[in-house]
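The chain contents come next:
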Amino acid sequence: MDDYNLVTVQHVISRAFEKDTGCGSYFVCLGWVCLHSMEFESDLSCTLEYKSFRSTVPLKQIVVDSDGLKVWKVYEAGPKGVRCPLVCLPPVIGTADCFYRQVLSLTARGYRVISVEYPVYWSVMEWCEGFKHLLDRLDVDRAHILGASLGGFLAQKFAELTSNSSRVASLILCNSFIDTKIFNYTDSSSVFWMLPSTLLKKMIIGRFPRKLMDPHIADSIDFMVERLECLTQSELASRLTLNCSPDYVQPQKVEMEVTLVDVFDESALSQSVKEEMYKCYPNARLAHLKTGGNFPFLSRADEVNMYIQVHLRGYEGTHLSATDSGTPVER
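Here's a quick rundown of the structure. (Residues numbered from 1 in each chain as written. Predicted model: local features only at pLDDT ≥ 70, side-chain atom pairs only at ≥ 80, totals over all residues. Heavy atoms only, no water.)

Turning our eyes to something else, we now look at the overall build of the chain. Looking only at helices and strands, the chain has 12 helices and eight strands in total. Looking at the chain residue by residue over its 331 residues, the buried ones come to 56%. The contacts in the chain between residues at least 6 apart in sequence include a share of 81% that link residues at least 24 apart. When the accessible surface of the chain is summed, it comes to about 14,100 Å², and 53% of that surface belongs to carbon and sulfur atoms. (Helix = DSSP H or I, 4+ residues; strand = E, 2+ residues; numbered from the N terminus. Buried < 20%, exposed > 50% of the residue type's maximum accessible area, 1.4 Å probe, protein only. Contact = heavy atoms within 4.5 Å. Areas by Shrake-Rupley, 256 points an atom, 1.4 Å probe, with all protein chains shown as cover.)

Spelled out as structure tokens, the structure:
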């Protein structure tokens, strides 16, 4: 390891541990129990709703490269004939099942919904190329994309980079951002690949609220921390690299309908980040939630699903409909 990388690694380690994650919050402690105990199971994982999802929607693994190394994990439900479905992209610690409440609710109303989990990619350009191949494999001409946090950033970059071929019909961005510099790791993201999983997880856990909270929000964080434990070191390091490497969206190239879903309570994103999103998308539909935390698609699923339906309803009866025209959509 050269001197620059050594200094950078030392800087990342010192920043990750500069805040105490002891007993200030019952949840942070619970999160660390989850990280170190494979026996931990979140309350949401034990619900009949989640078990119904796992028993009725099969997990697919789709290879998108000739070497068989890039394997996307996919949950897909709803009418297969729909060529412009809703595609869900998770945040850094999300797996394909984190949108199970959207898949169950929206497919029951006739929508085709695809929730994905991406393999290891170290650059946004490489990720976008892989995602384009995935859409081809799934017979998706264009997609309405629901992206949470990193998933929202990648959705914007994909829309930007494929603006000439129009692969994105519209965007629903949940607690997302326009520029990776907000995380203050742009100078050190190049060494994430060599850091141990424990340190990478510590960087993420440290951004969660450290106080007693709404039980639904606490349950959503429990569930997502449980997903975090499922990720390998390379999966987590690559996602953090995508999340923190110097990059930004050029919103003038994202010419489509956008809905911005965000929360008024505490989350990992500051108010200034949210205001920057409003400024970049002045014509966007705003879907504000009074509370919801970092993962409102879990903690406030009914409200988020309502906003998704409002967003998609304008496309019904057109070639961009996410539902089969012959299938009635419940109101």
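As a further point, take the environment of Glu 49. Turning to its location among the elements, Glu 49 is positioned in helix α3 (residues 48-56). If we ignore the near neighbours within four places in the chain, the residues touching Glu 49 are Tyr 100, Arg 101 and Leu 104. At a separation of 3.3 Å, a polar atom in the side chain of Glu 49 contacts the side chain of Arg 101. (Polar contact = N/O pair within 3.5 Å; in protein donor to acceptor, adjacent residues only side chain to side chain.)

Positionally, Glu 76 belongs in strand β2 (residues 71-77). Polar contacts involving the side chain of Glu 76 include one to the side chain of Lys 60, which spans 2.8 Å. Separated by 2.5 Å, the side chains of Glu 76 and Arg 112 make a polar contact. With residues near it in sequence (within four places) discarded, Glu 76 still touches Val 57, Lys 60, Arg 112, Val 113, Ile 114 and Leu 138.

Most of helix α7 (residues 197-205) is tucked away, with seven of its nine residues classed as buried. Looking only at α7, the buried set comprises Leu 199, Leu 200, Lys 201, Lys 202, Met 203, Ile 204 and Ile 205.

What you see with strand β3 (residues 86-89) is no split at all: Leu 86 and Cys 88 on one side and Val 87 and Leu 89 on the other are buried throughout. Regarding topology, helix α4 (residues 100-107) serves as the crossover connection from β3 to the parallel strand β4 (residues 113-117), and that connection is right-handed. Both β3 and strand β5 (residues 143-148) contribute to a ladder of four bridges, which runs parallel. What sits directly across from Cys 88, in β5, is Leu 146. (Right-handed = clockwise from strand over helix to strand, strands pointing away. Pairing = 2+ DSSP bridges.)

This brings us to the environment of Arg 207. Checked against the element boundaries, Arg 207 lands in the loop between α7 and α8 (215-228). According to the relative accessible area criterion, Arg 207 is partly exposed, its value standing at 37%. Along the sequence, Arg 207 and Leu 269 sit 62 residues apart, while their C-alpha atoms lie 9.5 Å from each other. The residues touching Arg 207, leaving out its near neighbours within four places in the chain, are Phe 183 and Ala 268.

Turning to unusual backbone geometry, a few remarks are in order. Notably, Asp 139 is not glycine yet its phi reads approximately 60 degrees, a positive angle. Position of Asp 139 relative to the elements: it lies in the loop between α5 (124-137) and β5. For Asp 139, a relative accessible area of 44% gives the class partly exposed. Phi is positive for Asn 175, close to 50 degrees, though the residue is something other than glycine. Its place among the elements puts Asn 175 in the loop between β6 (168-174) and α7.

Further remarks concern the sheet that holds β4. Hydrogen bonds along the backbone pair up the strands of a sheet, which may run parallel or antiparallel. Ordered in space as β1-β2-β4-β3-β5-β6-β7-β8, the eight strands form an open sheet in which the pairing is mixed. At either end of the open sheet lies a strand with only one pairing partner, and these are β1 (59-63) and β8 (285-289). For this sheet, the mean angle separating the axes of adjacent strands, direction not counted, is 25 degrees. Sheet contacts for α4: β2, β3, β4 and β5; angle to β4, the most-contacted strand, approximately 165 degrees. Docked against the sheet, helix α6 (residues 150-161) engages β3, β5 and β6, running at close to 155 degrees with respect to β6. (Axes fitted to C-alpha atoms, helices over the stretch in contact; angles between N-to-C directions.)

Between its first and last C-alpha, α6 extends 16 Å over 12 residues, near the 16 Å set by a 1.5 Å rise per residue. The element α6 is extensively covered by neighbouring structure, given that 11 of its 12 residues are classed as buried. Turning to α6, its buried residues number three or more, namely Leu 150, Gly 151, Gly 152, Phe 153, Leu 154, Ala 155, Gln 156, Lys 157, Phe 158, Ala 159 and Glu 160. (Expected span 1.5 Å × (residues − 1).)

Right, let's get into the side chain of His 144. Relative to the elements of secondary structure, His 144 occurs in strand β5. Residue class for His 144 comes out buried when judged on its relative accessible area of 0%. Here Ser 170 takes part through its side chain, which lies 2.6 Å from a polar atom of the side chain of His 144. A polar side-chain atom of His 144 sits 2.7 Å from the main-chain carbonyl oxygen of Leu 320.

Our next topic: the packing of aromatic side chains. Tallied over the full model, the rule gives 17 aromatic pairs. An angle of 35 degrees between the planes, with centres 5.9 Å apart, marks the rings of Trp 72 and Phe 131 as tilted. You can see Trp 72 sitting in strand β2 and its partner Phe 131 sitting in helix α5, a full 59 residues away along the chain. Just as Trp 72 is buried, Phe 131 falls in that class too. Of the aromatic side chains, those joined through ring pairs into one cluster are Trp 72, Tyr 118, Tyr 121, Trp 127, Phe 131 and Phe 158. The aromatic ring of Tyr 121 is capped on one face by Lys 70, whose charged end is 4.7 Å from the ring centroid. Positioned above the aromatic ring of Phe 223 is the side chain of Arg 227, whose terminal nitrogen or guanidinium carbon lies 4.0 Å from the ring centre. (Phe/Tyr/Trp six-rings, centres within 6.5 Å; stacked < 30°, edge-to-face > 60°. Lys NZ or Arg CZ within 6 Å of the ring centre and 35° of its normal.)

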